[in-house]
Amino acid sequence: MQPFTHIASPAVPLPIEDVDTDQIIPARFLKATTRDGFGDNLFRDWRYDQEGRAKADFVLNTGVYNGQILVAGRNFGCGSSREHAAWAIYDYGFKAVVSSFFADIFKGNALNNGLLPVQVSPEYLHSLFAAIEADPGARISIDLAEQQIRIEATGEAYRFDIDPYKKMCLLNGYDDIDYLLSLRPQIEAFEQARTAAFI
């Protein structure tokens with residue numbers, strides 16, 4: 001995974017509550033076994049009609065909004081536990097998703113795949129949507145080390161929570177295996193010391 005430290009970017013607003021994983025990536029697109037290409041079908045049934053034509057009024061198709069941050073309504077990622085939902089969002093180009101509540105399994109899948117879920121208060125989420133509505137190019141900054149999200153135009157900031165282990169993994173670009181490999185010198189030193197104690 002790529003390390004996540006800090007991003008400052010415009011955001012894409014999706015003020016819809018209870019977005020489930022089948023809406024994020026429909027089940028008929030889950031045949032691939034690698035993570036590549038899922039972004040093409042992110043929000044497929046919202047982005048395209050049955051003939052495959054882009055729906056001009058969907059937020060990803062309007063040309064008004066872009067950026068590496070998706071700002072979504074409450075209870076994002078509910079429904080099935082498919083990891084492909086996090087893959088699709090990340091593959092599309094988003095590095096973080098902001099909501100006032102995430103489904104637990106989606107949150108875990110996101111963290112395991114380099115996608116930062118930033119949970120904020122309902123009031124701060126409202127401020128984010130208002131800032132983006134006022135200026136579609138409004139920049140939002142997210143500092144993982146400080147655990148802070150900030151609306152750059154107003155300075156309004158919010159400190160979010162994250163599991164310390166997952167924070168460390170994201171900062172270093174580690175998955176669970178990478179983390180264990182990073183401990184190899186300590187493990188080898190422990191084994192050598194243990195062996196020497198029995199000689």
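Look a little higher up for the structure.
The structure presented is a predicted model; accordingly, all values stated were derived computationally and were not measured.

## Quick notes on the overall build of the protein chain
1) Next: In terms of regular secondary structure, the protein chain is built from eight helices and seven strands.
2) Next: Expressed as lengths along the three principal axes of its C-alpha atoms, the size of the protein chain is roughly 75 × 45 × 25 Å.
3) Next: The 199 residues of the protein chain split such that 41% are buried.
4) Next: A fraction of 65% describes how many contacts in the protein chain between residues 6 or more apart in sequence connect residues 24 or more apart.
5) Next: Distance between charge centres in the protein chain, computed from 18 positive and 27 negative side chains, equals 3 Å.

## Topic: the nonpolar core
1) Next: Judged by nonpolar contacts, the single largest core of 27 residues is most densely connected at I24, F43, F76, I89 and F106.
2) Next: Where this core is concerned, the elements lending two or more residues are β1 (6-14), β2 (69-72), α3 (84-92) and α4 (104-112).
3) Next: Among the elements that take part in this core, α3 stands out by supplying five residues, more than any other.
4) Next: When neighbours within four sequence positions are excluded, F76 is seen to be in contact with L14, V19, I24, F43, L70, I89, V97, S99, F101, F102, A103 and F106.
5) Next: In this structure, L111, I149, I151 and F160 belong to the second largest nonpolar core, which totals 25 residues.

## Some thoughts on unusual backbone geometry
1) Next: Phi is positive for D18, close to 60°, though the residue is something other than glycine.
2) Next: The residue D18 is located in the loop between β1 and α1 (21-24) in this model.
3) Next: The phi torsion at F43 lies on the positive side, around 50°, for a residue other than glycine.
4) Next: Note on placement: F43 falls in the loop between α1 and α2 (44-47).

## Some remarks on the packing of aromatic side chains
1) Next: Following the criterion strictly, the structure yields nine aromatic pairs and no others.
2) Next: Pairing W46 with F58 gives two aromatic rings, centres 6.1 Å apart and planes at 55°, and the pair type is tilted. Here the residue W46 occupies a position in helix α2, and F58 occupies one in the loop between α2 and β2, the gap between them amounting to 12 residues.
3) Next: Note on F58: relative accessible area 9%, which makes it buried.
4) Next: Ring-pair connections join several aromatic residues into one group, and the members of that group are F43, W46 and F58.
5) Next: The aromatic ring of Y90 is capped on one face by K95, whose charged end is 4.3 Å from the ring centroid.

## Here's the deal with the pairing of β1
1) Next: Counting buried residues in β1 gives seven out of nine residues, a clear majority hidden from the surface.
2) Next: As paired elements, β1 and strand β5 (residues 139-143) share five bridges and run antiparallel to each other. Paired with A8 across the bridge in β5 is S141.
3) Next: For β1 and β2, the ladder comprises four bridges, and the chain directions are parallel. The residue bridging A11 from the neighbouring strand is I69, located in β2.

## Topic: the side chain of T21
1) Next: If you trace the backbone, T21 turns up in helix α1.
2) Next: A relative accessible area of 2% means that T21 is categorised as buried.
3) Next: Apart from the residues lying within four places of it in its own chain, the contact partners of T21 are G77, C78, G79, S80, R82 and A85.

Each value, and the rule that gives it
- Residues numbered from 1 in each chain as written.
- Predicted model: local features only at pLDDT ≥ 70, side-chain atom pairs only at ≥ 80, totals over all residues.
- Heavy atoms only, no water.
- Helix = DSSP H or I, 4+ residues; strand = E, 2+ residues; numbered from the N terminus.
- Buried < 20%, exposed > 50% of the residue type's maximum accessible area, 1.4 Å probe, protein only.
- Contact = heavy atoms within 4.5 Å.
- Lys, Arg positive; Asp, Glu negative; His and termini not counted.
- Charge placed at Lys NZ, Arg CZ, Asp CG, Glu CD.
- Core = buried A, V, L, I, M, F, W, Y, C linked by side-chain atoms within 4.5 Å.
- Phe/Tyr/Trp six-rings, centres within 6.5 Å; stacked < 30°, edge-to-face > 60°.
- Lys NZ or Arg CZ within 6 Å of the ring centre and 35° of its normal.
- Pairing = 2+ DSSP bridges.

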